Amino acid sequence: MYLSKEAKAEIFAKHGGEATNTGSAEGQVALFTTRIAHLTGHLKKNKKDFSTQLSLQKLVGKRRALLAYLYKKDIGRYRAIIKALELRDIIK
C-alpha cells in the first residue's frame, strides 16, 4: 500500500492526538484527505479508471459524514480540522 504504518501513525499523531488514537474523527478525516489526494492524482493520469472513481466518491462521502458529525457534536473541533487540512467549509 502507498501509506506505511509510520506514515499513518504520523497522520494520527498530528491530527488525532496520539499515534494510537486511530478512531478519532479528526484523525480519520486527515487520513481520508490523504487518500483522496492520492486517488485524485491517480485519476488525473488514468481518466477511465472507473472503479477508482467510485472509491474516490465513497471516500468523499465518508469524509463529509465525519465532518457533519464533528460539526454537530463540537463545532470547535470541526473548525480546527477544517483549518488544519485547508478544506472548504461544506456545512452551511
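In the nomenclature of an unreviewed UniProt entry, the protein chain corresponds to Small ribosomal subunit protein uS15 from the organism Mucilaginibacter jinjuensis. UniProt's Sequence similarities (unreviewed entry) comment on the protein chain is quoted here verbatim: "Belongs to the universal ribosomal protein uS15 family."

Draft legend 1. Quick peek at unusual backbone geometry. Residues other than glycine seldom take positive phi values, yet Glu86 does so here, at roughly 55 degrees. Of note, Glu86 is situated in the segment after helix H4 (75–85).

Draft legend 2. The packing of helix H3 (residues 50–73) against H4, seen in detail. Relative to each other, H3 and H4 sit at 135 degrees, their axes nearing to 5 Å. In this view, H3 runs oblique relative to H4, as classed from their interaxial angle. Residues Leu67, Leu70, Tyr71 and Lys73 of H3 form the contact with H4, whose own contacting residues are Ile75, Arg77, Tyr78, Ile81 and Ile82. Broken down by class, the residue content of the contact of H3 with H4 amounts to seven nonpolar, no polar and two charged.

Draft legend 3. A look at the packing of aromatic side chains. Under the defined criterion, the tally for this structure stands at one aromatic pair. Ring geometry for Tyr71 against Tyr78: centres 5.1 Å apart, planes inclined by 85 degrees, an arrangement best described as edge-to-face. Judged by relative accessible area, which is 32%, Tyr71 ranks as partly exposed. When its relative accessible area of 2% is taken as the criterion, Tyr78 is described as buried.

Each value, and the rule that gives it
Residues numbered from 1 in each chain as written. Predicted model: local features only at pLDDT ≥ 70, side-chain atom pairs only at ≥ 80, totals over all residues. Heavy atoms only, no water. UniProt positions renumbered as here; feature names shortened; annotations may be inferred. Helix = DSSP H or I, 4+ residues; strand = E, 2+ residues; numbered from the N terminus. Axes fitted to C-alpha atoms, helices over the stretch in contact; angles between N-to-C directions. Parallel < 35°, antiparallel > 145°, perpendicular 65-115°, else oblique. Contact = heavy atoms within 4.5 Å. Nonpolar A, V, L, I, M, F, W, Y, C, P; charged D, E, K, R; others polar. Phe/Tyr/Trp six-rings, centres within 6.5 Å; stacked < 30°, edge-to-face > 60°. Buried < 20%, exposed > 50% of the residue type's maximum accessible area, 1.4 Å probe, protein only.

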